[in-house]
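Here are the chains, one letter per residue:
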Amino acid sequence: MGKKMNSQPLGTFYRGGKTKIRREWRGLSDTWYDYKCWVKNWGAMVKFLAHPQSIKGFFRYRWMLEYAAAPDFIDRCTEGLRGTQLRMAHTEFDFIVTEITRSLKLLFRGDRNIGGDPKLSEKMIAFDENMMEQIMWGFPNLYGMCVQLYGSFALVALSREGAVRYIDRAEEFGITGDVCTMPKAELGLCIEDDMPLVGKCILHANTTCDSSLMGNGIEDWRYQLPSYTIACAERVVDDLTREYTAEEIRGAIRFIEEQTGEQWDWESYFHNMKLYNDETRSYLEILELNKTAYPQVPDNNYNLYRDLYYTRMLNAPSEAYREINRKIRDLMYQGYEKKALPCQEIRHRALIWGVQAEFYTNFSNWLLNCWGIVGITHMLNLTSTEIYADEDTPENREQAINDLADLYMKMIMRNRTEGGFSLGVDDVWRFCEEFNLDMIVMLEQMACKAVTTWHGIYEEEAAKRGIHVIWIPHALLDPRKADRQAMRDEVNRYMRTVLGEEPFDPSLETIEDQNAW
Ligand code: SF4
């Protein structure tokens, strides 16, 4: 028990209940740091609930109950971490908690379901979950509110059972069992009337895929507001299709101007883009350092944050993101100078490919603690790394629309699942080589048709290159089709039978977390 990683059997903390039996002892300094973060997160949540409109929201929406799982979720996602790894993870999670509570408070203030301010609501544009918010950089007086985020992604990510009720409602409505659970949960939210009601109008993108297009139609049906869909071309590496998508972006800007009476603001757009480019530069440094023998920002402590900052779904100011990126970068270099490792010993450097089985599974962190498999990078992080035009000149005003088109076309999930063979398959081998990887952890989302069709090709090509592939079937938001222990068993079996390895921490092979959040 102590400062060193794997100094206590982490699996023994689970005893079949909702939460673990006690907090982890990590040595004085790390335990104290971790405890302060835990108190801080509870503080942010209590502060949020102290607002009368938040209390109304709490009693109005069923999914708000999942909110109570947030501290436990962060404990799970920081399990076993020490030093700079622990600090990096908490920096990101603290930011996410702070910004989600802030934006949720804003959403409830305008929510017509709970007597919110109609004038504030008129300043909001309702977004679907897969709609990136960068277009709002040109409208600093308006709010892009991702209305599905809170009920079907962010809070549901905290808890295993969060989406089950909504998935069942959608299936009772007639949607078949093999449809992706993400849009299905969104339909369930609409049927149950569990969506906050805000917005002057509604803006969609056709990302990520045909399944999520279904979700957009449902939102329109529920909201009955004027709507516009940015129909991004699916082939993301083609100048002609970018021009086509740029026209769609122009259409969306016109639509917002007509609906709200606001005018596109170039100064605000370029200011935000400048900060965004800084973030991209930090991210490129992260990728470079992860190619070395001492990777510092692995998948387990970065994936969720990168998803949120790339898409801007939290509605947080760009300055706040830049500050967090700066902190992560500083911690990363501190760890690198000390030659710190994310786990006791890096046994396998893995590419995590596919769509993750929601974050409640804490899967990437478990891979580290149990088997020493480090997710060096994740498919969902490998989106655009372009540096876009950020000076306000006449040429750049034209270029900026193309840049936005490029960003939207490379939206998380869709660029690799729907963007064609070169991005979905060929790039896998390129990343394995660039990052010096010996393993691919294939998160096989059963209903994600594009990726499942490539199963055989991945197998054949990996065998030719001598790369290990572990298949982890799952059903995204639905734990009943493949629960987290079933996912862990796939890895346990492969590691013992194919590679003949023993775990760092045998207590983690089978965990009694069937009832945990
Ligand atoms: S997981 Fe696959 S099927 Fe589901 S929304 Fe994403 S791309 Fe579409």
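Above this text you will find the structure in question.
Summarised in this report is the structure supplied together with it. All values derive from a computational prediction rather than experimental measurement.

Rules used in this analysis
Residues numbered from 1 in each chain as written. Predicted model: local features only at pLDDT ≥ 70, side-chain atom pairs only at ≥ 80, totals over all residues. Pairing = 2+ DSSP bridges. Helix = DSSP H or I, 4+ residues; strand = E, 2+ residues; numbered from the N terminus. Axes fitted to C-alpha atoms, helices over the stretch in contact; angles between N-to-C directions. Buried ≥ 20, exposed ≤ 12 C-beta atoms within 10 Å, placed from the backbone. Near = placed C-beta within 6 Å. Nonpolar A, V, L, I, M, F, W, Y, C, P; charged D, E, K, R; others polar. Expected span 1.5 Å × (residues − 1). Contact = placed C-beta atoms within 7 Å.

Thoughts on the sheet that holds strand S8 (residues 468–474)
Pairing within the open sheet is parallel, and its 4 strands lie in the order S6-S5-S7-S8. Looking at the sheet topology across the chains shown, the edges are occupied by strand S6 (373–378) and S8. Neighbouring strand axes in the sheet, compared pairwise and without regard to direction, differ in orientation by 30° on average.

Some words on unusual backbone geometry
With the exception of glycine, most residues fall at negative phi, and the peptide bonds are largely trans. Phi at Asp193 is positive, roughly 55°, even though this residue is not glycine. One can find Asp193 in the loop between helix H8 (181–191) and strand S3 (201–205). Under the C-beta neighbour-count criterion, Asp193 is labelled exposed, with 11 such atoms within 10 Å.

A short note on the site of the ligand
In the region of the ligand, 13 residues are neighbours, and Cys180, Cys209, Val355, Thr417 and Cys448 sit closest. Here the shell around the ligand is built from residues that sort into 8 nonpolar, 5 polar and no charged.

A look at helix H13 (residues 318–337)
Between its terminal C-alpha atoms H13 stretches 29 Å, which fits the 28 Å expected from 20 residues at 1.5 Å a residue. Listed as buried for H13 are Tyr321, Ile324, Asn325, Ile328, Arg329, Leu331, Met332 and Gly335. As for H13, its buried residues are in contact with helix H4 (83–110), helix H11 (266–290) and helix H12 (299–311). Positive phi appears at Lys339, one or two residues downstream of H13, with a value of about 55°.

As for the environment of Glu219
In this fold, Glu219 is placed in helix H9 (residues 210–223). We classify Glu219 as buried; it has 24 C-beta atoms within 10 Å. For the pair Glu219 and Glu460, spaced 241 residues apart in sequence, the C-alpha separation works out to 41 Å. Not counting residues within four places of it along the chain, the set of residues in contact with Glu219 comprises Asp128 and Ile202.

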